[in-house]
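# Summary of the model geometry
The primary structure of each chain is shown beneath.
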Amino acid sequence: MTDQERRGGGPATDGGRTGGRQAETGSAEEDGLTLRERKKLRTRQRISGEATLLFIRRGFDNVTVAEVARAAEVSTMTVFNYFPRKEDLFLDRIPEGRELLTRAVRERGADESPLAALRRLTLGLLAERHPLGGVGEGFEHFWRTVLDSPALRARGREAVEEMEDVLAVLLGEAVGSDAGRPGRDVRLAAALIIAGIRAAFAGAAARQLGGDPVDAVAVEQAEVLRRTFDALERALPGFA
């Protein structure tokens, strides 16, 4: 495996920063955690990092969970304790995405609309080259691995539906409706917002897979996101 392949994380894995999640040890992600919680986080990062390397090198469908366990020096049961599904070993940032979405809307400023908070979130992730920003060095390896695996593509579609459900609840809270049973207008708004963000991500992925320079993709992606949110604000004035 080349150094470039070892950096080949992506929006939902170890993120193109290094070859493994263990490199995040000591990061802000551990702030405020107990020793036991830090150990569990590092174990999770190590398992996901080793899985990412194997999946990118050999293809997701050609690697077993038992092989991941051996590489991470843990039992197969331990792998499943941290990742109930094999797909979540690679798409391991799905929970983080839900958390960031939730915090952006619930913790927004008093004068900030839900759409403004989501605009700030997506552009901020892109600017800092966060894995969930969708653009970064080596991300083409991540996207190619996903595209080559029907199982990962299916899990990705499920993740989009999960994000849409979470956002519907958040928007319901924001407008004072029954958050437990979001109404039709709220669900439509959530669907349109997630669809817009997903389309922007798909465009950035295609450009990176085509070999476009990362910095150029990032500049264009920022403009695409701005235009997307401009359109969403016109279409959804109740959430702008």
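Above this text is the structure in question.
Attention here is on the structure that accompanies the text. (Residues numbered from 1 in each chain as written. Predicted model: local features only at pLDDT ≥ 70, side-chain atom pairs only at ≥ 80, totals over all residues. Heavy atoms only, no water.)

What follows concerns the packing of aromatic side chains. Counted according to the given criterion, the structure contains four aromatic pairs. For the pair phenylalanine 55 and phenylalanine 90, a centre-to-centre distance of 5.9 Å together with 75 degrees between the ring planes defines the contact as edge-to-face. Remark: phenylalanine 90 occurs in helix H5 (residues 87-90) and phenylalanine 55 occurs in helix H2 (residues 35-58); sequence separation between them is 35 residues. Like phenylalanine 55, the residue phenylalanine 90 is buried in the burial classification. Taking the centre distance of 5.1 Å and the plane angle of 70 degrees together, the rings of phenylalanine 142 and tryptophan 143 count as edge-to-face. Of the two residues, phenylalanine 142 and tryptophan 143, neither departs from the other in class, the shared state being buried. Feature note: the residues Phe55, Phe60, Phe90, Phe142 and Trp143 constitute an aromatic cluster, connected by ring pairs. For the cation-ring pair, lysine 86 lies above phenylalanine 60, with the distance from its terminal atom to the ring centre recorded as 4.3 Å. (Phe/Tyr/Trp six-rings, centres within 6.5 Å; stacked < 30°, edge-to-face > 60°. Helix = DSSP H or I, 4+ residues; strand = E, 2+ residues; numbered from the N terminus. Buried < 20%, exposed > 50% of the residue type's maximum accessible area, 1.4 Å probe, protein only. Lys NZ or Arg CZ within 6 Å of the ring centre and 35° of its normal.)

So, about the environment of aspartate 230. With respect to the helices, strands and loops of the structure, aspartate 230 is situated in helix H11 (residues 214-235). Taking the relative accessible area as the measure of exposure, aspartate 230 reaches 33% and is therefore partly exposed. For the pair aspartate 230 and leucine 115, spaced 115 residues apart in the sequence, the C-alpha separation amounts to 9.5 Å. Among the polar contacts made by the side chain of aspartate 230, one reaches the side chain of arginine 119 at a distance of 2.7 Å. (Polar contact = N/O pair within 3.5 Å; in protein donor to acceptor, adjacent residues only side chain to side chain.)

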